[in-house]
Structure formats: structure tokens, C-alpha cells
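# Examining the three-dimensional arrangement
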Amino acid sequence: MIDFHLRKALHTAAGPRTLDVALALAPGELVAVSGPSGAGKTTLLRLLAGLDRPDGGFVRVEKQVWYEQETRRWLPPQRRPLGFVFQDYALFPHLTVRENLAFAAAGQPGAGPLVTELLDAFELAELAPRRPGALSGGQQQRVALARALARRPRLLLLDEPLAALDLPTRQRLQQVLADVHQRFGLTTLLVSHDPAEIARLAHRVVELDLGQVRRVGPPALPAPALAGRVVALLPGGLLRVQLAGGPALVDVPAPPGRAYAPGDALVLTVGVQ
Ligand SMILES: Nc1ncnc2c1ncn2[C@@H]1O[C@H](COP(=O)(O)OP(=O)(O)OP(=O)(O)O)[C@@H](O)[C@H]1O
């Protein structure tokens, strides 16, 4: 069980605000943190990692206290068993893929087999002798994720780790992350703006705004999209659309800003009321 309550004064564009977030994570749970820019997502992760000092609260990870205002306990960041992956991969450029992982795993029992297992889990075995400069963005991010796990963390902090990647690479890495999470069962906080990514990976989502928790609950299902073609223009600005893959017809208000004609392609986002 990971249990924390963190408070921190924020200097935001909208003036002074207080980040105030309390949460308990079950072992192996993957919780997404979402919210608009400036909500405090990165600050929350930095506070958990000990990279910023909270103004108050506590962080308890299993039986270990990482921070407790009342007793003034503070575990420095280098002694917190966690993995932190950012958008930019921050790999050691002069070390090979295998050496990057081995460096992180060094000094731990079973380090050799763990590195081999992680190379396999992240589909990196063939890239093991290469240096980061000879890898694509997606490959480098797989190394960064594997390296975070090589420290055998009790908590994995992922700050938009896939946001810089193109859509196909991102989707493939989401699958790798889902598989690896199933295999290693690491308690994880994942900052993400992508509802599809959150729905695919997270058990719960915490929505932050201006430092406050707006909602904690199951991820919202992403709105499904349907493709179709305009078959007729109806009075009242409606379009009659034939959905792809079947005979179904729907009448929808024409999206503003452009004139439509029969034969035009459309993508419809389905909302459920
Ligand atoms: N150490 C700090 N002390 C006080 N205020 C901070 C500190 N770090 C960031 N802030 C402010 O707190 C607010 C939240 O920043 P943060 O980077 O956590 O937001 P975010 O939700 O991660 O945003 P984004 O999605 O754009 O990355 C911002 O207005 C920022 O300027």
C-alpha cells in the first residue's frame, strides 16, 4: 500500500494556489493523473520523488516513511526506491542499452538475470549492444522504461512517457506497458492527457485542476468514432450520413465552418447520454 497526502504552495499563472492531493494506491495498481496544463501533475510526481520539498503531509510506501511533516522525516530522493520516466529519455549516451540497464540494476541481487528479463520484456534484446544515439525515439523510451524497472522500484512514476512519440509508436508502447505492468505488477502513477491511453492502461484516474483533486474514479471510456459518408443535405442544417460498414443512416447537425456535399467523408464521435 502506498499512501500519501501532499501539500505545496504553487505559483501559478492564475496566482497563488495550493496543491493538496491525498491518495492511497493498492499494490500493483496503475493510477492515471490527468488534468489541464498547470494543474500540478508534474509537481505531484516531483514531490513523491523527493525532488521538491512539500509544505506538509506525508508519504508512506509499504512500511517505509518517505516523508512525514509531523516527525520531520525525510528520505532523500536517491534513497527512495522508485523509477521516474519523463517525456525525454535521459539515457546515458556513452553506455549501450544493456549497460544503461546494468548500471541501474547494479548492486542488487539477481541484477544479471533481471537485466536479461527486462531486455526481453521491452523487446530490446537485439538492440542491447547499441548506444542511445543509434535508437529511434520509441526505442529510447523503451530503454528508459526498462531502466526504471531495473532499480526494482516500489513505485513507478511516469510523466507523459509516450507523449513525444507518433501515434503508431505510442499505441505499440502502450501495449508493451500493459504487458510489462501485468508481468511485474508495479504500483504506478502515470501522467497522461490521452483518454484512450488512460482507458487502456489505468485502473483509476485522478483528475487534477489548479492543484486540487476534481475526481477520482474509473477511467472514462473514450468516445468511439464512426466513419461515414454524407448522402443528403437536409433542411435545418442537418446531414444524412451513411455509416461505413453497413446500411445504417443517421441525421446529424453539420459541423460549422465548412460546406458539405453528398459524397463527403465524415468521422462521427459517439456520445452516450
Ligand atoms: N516548485 C514549485 N513551486 C511553486 N510553484 C510551482 C513549482 N513548480 C511548478 N509550479 C507551478 O505550479 C503549477 C503546476 O505546474 P506543473 O508543472 O505541476 O503542472 P502540470 O499539470 O504538470 O502541467 P503540464 O501538463 O503543462 O505539464 C504551474 O503553474 C507552475 O508554474
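Residues numbered from 1 in each chain as written. Predicted model: local features only at pLDDT ≥ 70, side-chain atom pairs only at ≥ 80, totals over all residues. Heavy atoms only, no water.

As annotated in an unreviewed UniProt entry, the protein carries the name Molybdate transport system ATP-binding protein and comes from Hymenobacter caeli.

Now for the environment of alanine 90. Here alanine 90 shows up in the loop between β7 (82-85) and α2 (97-105). Considering only alpha carbons, one finds alanine 90 and valine 205, 115 residues apart in sequence, at a separation of 27 Å. (Helix = DSSP H or I, 4+ residues; strand = E, 2+ residues; numbered from the N terminus.)

Below, the discussion takes up the nonpolar core. Judged by nonpolar contacts, the single largest core of 41 residues is most densely connected at Leu118, Phe122 and Leu124. For this core, the elements supplying multiple residues, two or more each, are β3 (30-34), α2, α3 (111-121), α4 (137-150), β8 (155-159), α5 (167-184) and α6 (195-201). Among all residues touching leucine 124, those that are not within four sequence positions of it are Val97, Leu119, Gln139, Arg142, Val143 and Ala146. Judged by nonpolar contacts, the second largest core, of 29 residues, contains Ile2, Leu23, Leu45 and Phe84. (Core = buried A, V, L, I, M, F, W, Y, C linked by side-chain atoms within 4.5 Å. Buried < 20%, exposed > 50% of the residue type's maximum accessible area, 1.4 Å probe, protein only. Contact = heavy atoms within 4.5 Å.)

What follows covers unusual backbone geometry. Its identity as a non-glycine residue notwithstanding, glutamate 62 has a phi of 50°, on the positive side. Here glutamate 62 is to be found in the loop between β4 (56-61) and β5 (64-68). The backbone of leucine 210 shows a phi angle near 45°, a positive value even though the residue is not glycine. Checked against the element boundaries, leucine 210 lands in the loop between β10 (204-209) and β11 (212-217).

As a further point, take the site of the ligand. Surrounding the ligand, one finds 15 residues, the nearest of these being Ser37, Gly38, Lys41, Thr42 and Thr43. A distance of 2.8 Å separates an oxygen atom of the ligand from a polar backbone atom of glycine 38. Contacts to the ligand include alanine 39, whose backbone N or O atom sits 3.1 Å from an oxygen atom. Computed on the free molecule, the ligand has an accessible area of 640 Å², of which 69% lies beneath the protein chains in the complex. At the level of elements, β1 (2-12) and α1 (41-49) are the ones that each hand at least two residues to the shell around the ligand. At 5 residues, β1 tops the list of elements feeding residues into the shell around the ligand. Its residues placed into classes, the shell around the ligand shows 4 nonpolar, 8 polar and 3 charged. (Near = heavy atom within 4 Å. Polar contact = N/O pair within 3.5 Å; in protein donor to acceptor, adjacent residues only side chain to side chain. Areas by Shrake-Rupley, 256 points an atom, 1.4 Å probe, with all protein chains shown as cover. Nonpolar A, V, L, I, M, F, W, Y, C, P; charged D, E, K, R; others polar.)

This part is about the domain arrangement of the protein. When the domains of the protein are assigned, the result is domain 1 (2-217) and domain 2 (225-269). A C-alpha centroid distance of 42 Å is found between domain 1 and domain 2. (Domains from an automatic or database assignment.)

A separate point is the side chain of threonine 188. Here threonine 188 lies in strand β9 (residues 188-191). A polar contact of 2.7 Å, which involves the side chain of threonine 188, links it to the backbone oxygen of leucine 186.

Looking now at the pattern of salt bridges. Per the counting criterion, the structure on display carries 11 salt bridges. Across the pair arginine 154 and glutamate 62 runs a salt bridge whose closest N-O atoms are separated by 3.0 Å. In this pair, arginine 154 sits in the loop between α4 and β8 while glutamate 62 sits in the loop between β4 and β5, placing the two residues 92 residues apart along the sequence. The partner of arginine 215 in a salt bridge is glutamate 207, and the shortest N-O contact between them spans 3.1 Å. By relative accessible area, which is 28% here, glutamate 207 ends up partly exposed. Salt bridges sharing common partners tie together Glu117, Asp120 and Arg183. (Salt bridge = Lys/Arg side-chain N within 4 Å of Asp/Glu carboxyl O.)

With that settled, consider the packing of aromatic side chains. By the definition in use, this model includes 3 aromatic pairs. Residues tyrosine 67 and tryptophan 74 carry aromatic rings whose centres are separated by 6.0 Å and whose planes lie at 80° to one another, so their mutual orientation is edge-to-face. By relative accessible area, which is 7% here, tyrosine 67 ends up buried. Overall, tryptophan 74 belongs to the partly exposed group, its relative accessible area being 22%. Residues phenylalanine 92 and phenylalanine 103 carry aromatic rings whose centres are separated by 5.1 Å and whose planes lie at 75° to one another, so their mutual orientation is edge-to-face. Taken as a pair, phenylalanine 92 in the loop between β7 and α2 and phenylalanine 103 in helix α2 lie far apart in primary sequence, 11 residues in all. Relative accessible area serves as the criterion here: at 30%, phenylalanine 92 is assigned to the partly exposed category. For phenylalanine 103, a relative accessible area of 53% translates into the label exposed. Its guanidinium or amino end placed over the ring of tryptophan 74, arginine 53 lies 3.9 Å from that ring's centre, counting from NZ or CZ. Sitting over the face of the ring of phenylalanine 58, arginine 60 holds its NZ or CZ atom 3.8 Å from the ring centroid. (Phe/Tyr/Trp six-rings, centres within 6.5 Å; stacked < 30°, edge-to-face > 60°. Lys NZ or Arg CZ within 6 Å of the ring centre and 35° of its normal.)

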